[in-house]
Amino acid sequence: MARPNPAALVVAWAIAILVALAGPAPAFAETRFALVIGNADYVGATVLRNPTRDADDIALALEALNFTVHKHHDLTGDGFNAAVEAFATAARGADVALVYYSGHALQIDGGNYLVPTDAEVTSPLSAKREGFALLDLMSTVGRAARTTLVFLDACRDNPFEGKLQAFAPDRSAVVSRGLAPINLESQDTLVVFATTPGEVASDGMEDNSPFTKAVLRHVATPGVEIETLLKRVTASVRDATGGRQQPERVSRLTSEFYFVRPETIRDAEPGAVDRAFFAVQSIGSVPAYDAFLSRFPTSHYTDYVTDRRNRLVAEATLPGPATVATDAAPSTAPKPPVTVTIQCGGSGGLEYDECRAGSESWARRTGNTVKIVTAPTNMTDRLAFLQRALASGGEDIDILQIDITWPRVLADDLIDLGEAFPGARTDFFPSLIANNTVDGRLLAIPWYVDAGVLYYRSDLLEKHGLRPPRTWTELADQARLIQRAERKDGRSGFWGFAFQGAAYEGLTVNALEWMARAGLRLVDETGATALDPDTATGPIAAAAAWIGTIAPREVLSYEEENGRMLFQTGNAAFLRSWPYAWSLMNQADSPVRGKVGITDLPASDDGRSSTAVLGGWQLAVARRSAEKAEAIDLVRFLTSRDELKRRAISANYPPTRPDLYMDDAILVAVPFFEDFPFSVSSGVLRPSGIAGDRYPAVSEAVFTRIGAILDGADVRRGLRLLVQDIGRIRGDGWNN
């Protein structure tokens, strides 16, 4: 099954984010249904490039706008009839029924016919018999709902024109170019044609037709009535086609219709613009910026967002190299085999095994050999290991696996990969590429992305009639309840909750998530210290209260694997960890196999934002590498679409390419990945980009002070000391 392209996902994410942040007023008042059809794979006619993608993308946008969507690809004649009847039945009594058709259509004797994929058209009579009459469609749907909206991105061309023109007007029928104009008899109906009657609409050479692309751009603009919105669509299509195509509409609407109601704008809550800005900034794409500018056209971010959007547009139109091949096969030019050394994984385990599998696959394809160097599992120790290796010359390591917080820390010892990966900005999550770009140099390619998740014993929640916790308070209460019940049944070593509490980066991540519960950050965008000890006391004190009550005191020495083992052996109800643990918990010999659920971390106390800290690993090439060309080729292979797909299915490592979250095989293997891109786009960022090479010192201050608080130190005093530590590390400025 085809899935939406990444740009469409961005549009849907932006719609969802901006609508969700709009305020308490209902953005959608009507009951809404949509029938979306994309016919492309024709048997007896020209196969079209875009209709199935158009249908996927429109469906995604309409779902974000609260439509119940019936989506179909490549409908045959029988399928067309069944789909329309089923939709009319489902939409009976609805306020709005919308039909969006993308595919071939034709006009005969002044009537318009949508073409099923199995149509065998040899004459005008057969065309009428094989096609689905537009008037029949409108009549069937119009009887079901109060308002009917029909969008026809049809008539790309008439694939049967040669056959039909043989039938002269005096023989059987009038066969004309494009679609015919219509006269609406029913009130509360609007029909939109992708181009003027008698003309041909473009299928487009991009991921969508010009008409669909324009609809996607404008459909979520809040407070714009549909007639005005369609004028904007018309202008966009004209601009995109150089005036060659101009949509046209026929309307008998007796009331106004808004895809997003104007009340949404008037009732926007204070702070919504700031939250929306940070959300779309993390997505970092033209559609996201367009959605923001439509929603907040006069905010204090308008100039900045407009500038960022225009820069992306300019970059996209710059001439690139003759060949762009981030997934290209390794070079076949004759060259003696070399050995490439890659540092990846800890001392054995899943991470090491997956790195070895991918590296050996590349070696077999190229005839080269790969040497794998492991590093300490502890993040703080691993960074120190790499810094020592690079300081000593670095010739022994060609490729480094680096944390999301390290590009600026290691910048002087890494090469610029921008020329080798010219499509990185669109191939990977833009926020990750931005994170890995230091002073204009792309220093690392995203390998896998992470965001904190919550594992839970699904069998125990079901036993106690509980749903997965939505707040941190619910988490603590449920952990306490289940722990008490399990111990009452004789399991004295059972605990409610486990997390990473050792003095290392993992505790910094957990602490930032607890602070995000209260909407707090360590530093703001200007680099100033933003942590308020008084506000932070609540969530940090709550975490400290877990120790010895719902979490074992040993959690103060737990890293990822310690907590996983406690949970996987059946001795904990909840675990805060990363997605990698899912496959391990569901191995054949796992005591909790089939008894584990996974969900987002609890949201902030106001329920508005994610508290999950963004993580992940990147691949970089050492500046002093003696085998740079081969090292780059191995990085290209390890971050290719096929290899990231293999790792996602084999070990549940979240891919760094957005389009893979629409891959059926991946979603069957890892169903929770379907919603994971939202965690990536809205996750909490660590201040490594601001603190630069001083971030390790910031992290050490956090895990040292928070660790002491968890171990019994005074909460308020510890947080005040942390603020002093950050101020001391910052000095006169992060760049001084």
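Parameters at a glance
Residues numbered from 1 in each chain as written. Predicted model: local features only at pLDDT ≥ 70, side-chain atom pairs only at ≥ 80, totals over all residues. Heavy atoms only, no water. Helix = DSSP H or I, 4+ residues; strand = E, 2+ residues; numbered from the N terminus. Buried < 20%, exposed > 50% of the residue type's maximum accessible area, 1.4 Å probe, protein only. Contact = heavy atoms within 4.5 Å. Areas by Shrake-Rupley, 256 points an atom, 1.4 Å probe, with all protein chains shown as cover. Arc of directions from axis to C-beta. Core = buried A, V, L, I, M, F, W, Y, C linked by side-chain atoms within 4.5 Å. Salt bridge = Lys/Arg side-chain N within 4 Å of Asp/Glu carboxyl O. Disulfide = S-S within 2.5 Å. Pairing = 2+ DSSP bridges. Axes fitted to C-alpha atoms, helices over the stretch in contact; angles between N-to-C directions. Parallel < 35°, antiparallel > 145°, perpendicular 65-115°, else oblique. Nonpolar A, V, L, I, M, F, W, Y, C, P; charged D, E, K, R; others polar. Polar contact = N/O pair within 3.5 Å; in protein donor to acceptor, adjacent residues only side chain to side chain. Phe/Tyr/Trp six-rings, centres within 6.5 Å; stacked < 30°, edge-to-face > 60°. Lys NZ or Arg CZ within 6 Å of the ring centre and 35° of its normal. pLDDT = per-residue confidence, 0-100.

Enquirer: Where do I start with the overall build of the protein chain in this structure?
Expert: Secondary structure assignment for the protein chain yields 29 helices and 21 strands. In the protein chain, which comprises 736 residues, the share counted as buried stands at 57%. Within the protein chain, counting contacts between residues at least 6 apart in sequence, those at least 24 apart form 74% of the total. With an accessible surface of roughly 29,800 Å², the protein chain has 49% of that area assigned to carbon and sulfur atoms.

Enquirer: Help me understand helix H24 (residues 641-651), please; the structure alone is not making it clear to me.
Expert: In an α-helix, one turn spans 3.6 residues; hence positions three or four apart end up facing the same way. Those residues of H24 that sit buried are Glu643, Leu644, Arg647, Ala648 and Ala651. Across the axial projection of H24, the buried residues extend over an arc of 140 degrees, all falling on one side. For H24, the elements touching its buried residues are helix H13 (349-366), strand E16 (445-451), helix H22 (581-585), helix H23 (628-638) and helix H25 (664-669). Taken from the residues just after H24, Asn652 is the one with a positive phi, measuring 65 degrees.

Enquirer: Which parts of the structure should I look at to understand the nonpolar core?
Expert: As a rule of thumb, nonpolar side chains are buried together in soluble globular proteins. Ranked by internal contacts, the top residues of the largest apolar core, which has 139 residues, are Tyr455, Trp514, Met515, Trp546, Phe574, Ile706 and Leu710. Residue contributions to this core peak at eight residues, all from helix H28 (residues 695-710). Not counting residues within four places of it along the chain, the set of residues in contact with Ile706 comprises Leu507, Ala511, Trp514, Met515, Ile540 and Leu719. Residues Ala97, Tyr113, Phe132 and Leu137 belong to the second largest nonpolar core, which totals 43 residues.

Enquirer: Would you take a moment to explain the pattern of salt bridges for this structure?
Expert: When their charged atoms lie close together, side chains carrying opposite charge are able to pair. Summed over the entire model, instances satisfying the criterion amount to 26 salt bridges. The salt bridge involving Arg457 is made with Asp459; its shortest N-O contact spans 2.9 Å. Its relative accessible area of 6% is what places Arg457 among the buried residues. The network of salt bridges with common partners includes Lys463, Glu486, Asp489 and Arg491.

Enquirer: Sorry if this is basic, but what is going on with the state of the cysteines here?
Expert: Covalent bonding between the sulfur atoms of two cysteines is what defines a disulfide. Inspection of every chain in the model, using the stated rule, returns one disulfide. A sulfur-sulfur distance of 1.8 Å marks the disulfide that ties Cys344 to Cys355. The disulfide joining Cys344 to Cys355 has a torsion of about -85 degrees about its S-S bond and is therefore left-handed. Here Cys344, found in the loop between strand E11 (339-343) and H13, pairs with Cys355, found in helix H13; they are eleven residues apart in sequence, far enough to count as distant.

Enquirer: What am I meant to see in the sheet that holds strand E2 (residues 68-73) here?
Expert: Whenever strands of a sheet pair, they do so through backbone hydrogen bonds, lying parallel or antiparallel. Pairing in this open sheet of six strands is mixed, and the strands run E2-E1-E3-E7-E9-E10 from one edge to the other. In this open sheet, the two strands that pair with only one neighbour each are E2 and strand E10 (248-251). Put simply, the sheet's adjacent strands are angled 10 degrees from each other on average, direction ignored. When strand E1 (residues 32-38) meets strand E3 (residues 96-103), the two strands line up parallel, connected through seven bridges. Note on E3: the bridge partner recorded for Ile37 is Tyr101.

Enquirer: What's the story with the environment of Arg382 in this structure? I'm lost.
Expert: If you trace the backbone, Arg382 turns up in helix H14 (residues 379-391). The exposure class assigned to Arg382 is buried, which follows from its relative accessible area of 2%. Arg382 sits 37 residues away from Gly345 along the chain, and the two C-alpha atoms are 10.0 Å apart.

Enquirer: I keep staring at unusual backbone geometry and nothing clicks. Help me out?
Expert: Backbone geometry follows two general trends: most residues other than glycine have a negative phi, and most peptide bonds adopt the trans configuration. Phi angles above zero are rare outside glycine, and Asp188 is one such case at about 55 degrees. Summarising the element assignment, Asp188 is placed in the loop between strand E8 (175-176) and strand E9 (189-193). Its identity as a non-glycine residue notwithstanding, Asn652 has a phi of 65 degrees, on the positive side. Along the chain, Asn652 turns up in the loop between H24 and H25.

Enquirer: So what exactly am I meant to see when it comes to the packing of H28 against helix H29 (residues 715-730) here?
Expert: Helix-helix packing is described using two parameters, namely the angle between the two axes and the distance between the axes. Where H28 meets H29, the axes come as close as 9 Å, and the angle between the chain directions of the two elements is 170 degrees. For the element pair H28 / H29, the angle class is roughly antiparallel. For the pair H28 and H29, the contacting residues are Ala697, Val698, Ala701, Val702, Arg705, Ile706 and Ile709 in the first and Val715, Gly718, Leu719, Leu721, Leu722, Asp725 and Ile729 in the second. Class assignment for the residues of the contact of H28 with H29 results in eleven nonpolar, one polar and two charged.

Enquirer: Honestly, the side chain of Gln343 in this entry has me stumped. Any pointers?
Expert: As for its placement among the helices and strands, Gln343 is situated in strand E11. Residue Gln343 is classed as buried on the basis of its relative accessible area of 0%. Engagement of the side chain of Gln343 in a polar contact is seen with the backbone nitrogen of Gln401, the distance being 3.0 Å. Apart from residues no more than four positions distant in its own chain, Gln343 is found in contact with Val373, Ala375, Arg382, Phe385, Leu386, Ile397, Ile399, Leu400 and Gln401.

Enquirer: What is the right way to look at the packing of aromatic side chains in this model?
Expert: Each aromatic ring pair is specified by the distance between its two centres and by the angle formed by the two planes. Counted according to the given criterion, the structure contains 20 aromatic pairs. The interplanar angle of 20 degrees and the centroid separation of 6.1 Å between the aromatic rings of Trp472 and Trp546 together place this pair among those described as stacked. Placement of the pair is Trp472 in helix H18 (residues 472-488) and Trp546 in helix H20 (residues 533-546), with a sequence separation of 74 residues. A centroid spacing of 5.9 Å and a plane angle of 65 degrees characterise the contact between Phe499 and Trp546, whose relative ring orientation is edge-to-face. A residue pair is termed long-range when its members are at least 10 positions apart, and Phe499 in the loop between strand E18 (495-498) and helix H19 (505-516) and Trp546 in helix H20 qualify at 47 residues. Within the aromatic cluster, the residues linked to one another by ring pairs are Phe429, Trp582, Tyr661, Phe672 and Phe673. Between Arg576 and the ring centre of Trp578, over which it is positioned, the NZ or CZ distance is 4.3 Å. Between Arg636 and the ring centre of Phe421, over which it is positioned, the NZ or CZ distance is 5.4 Å.

Enquirer: It is not clear to me how the confidence of the model for the protein chain should be interpreted in this structure. Could you clarify?
Expert: Note: predicted coordinates in regions of low pLDDT should not be interpreted at a detailed level. In the predicted model, the protein chain carries a mean pLDDT of 82, and 82% of its residues have values of at least 70. Note on residues 319-333: pLDDT under 50 across the span, and 17 contacts to partners over four residues away in sequence or across chains.

Enquirer: I would appreciate a short explanation of the side chain of Asp413 in the present structure.
Expert: The topology assignment puts Asp413 in the loop between strand E13 (399-403) and helix H15 (424-427). Of note is the side chain of Asp413, whose polar atom sits 3.5 Å from the side chain of Arg624. Residues in contact with Asp413, not counting those within four places in the same chain, are Leu390, Val621, Ala622, Arg623 and Arg624.

Enquirer: I'm lost on the pairing of E16 in this one. Help?
Expert: Side-chain direction in a regular strand flips from residue to residue, so the side chains alternate between the two faces of the sheet. Burial analysis of E16 places seven of its seven residues in the buried class, the great majority of the element. The pairing of E16 with strand E21 (residues 614-621) spans six bridges and is antiparallel. Paired with Ile445 across the bridge in E21 is Leu619.

Enquirer: Even after reading the chapter, I still don't get the sheet that holds strand E20 (residues 596-600), so can you show me in this structure?
Expert: The strand order across the open sheet formed by four strands is E18-E19-E17-E20, and the pairing between neighbours is mixed. Of all strands in the sheet, those with a lone pairing partner are E18 and E20, marking the two edges. Averaged over all adjacent pairs, the angle separating strand axes in this sheet is 15 degrees, with direction ignored. Sheet analysis places strand E17 (residues 453-457) next to E20, joined by five bridges and oriented antiparallel. Bridge pairing in E20 links Tyr455 to Ile598. Across the sheet, H18 lies against E17, E18 and strand E19 (572-577), angled at about 140 degrees from E18, the strand it touches most.

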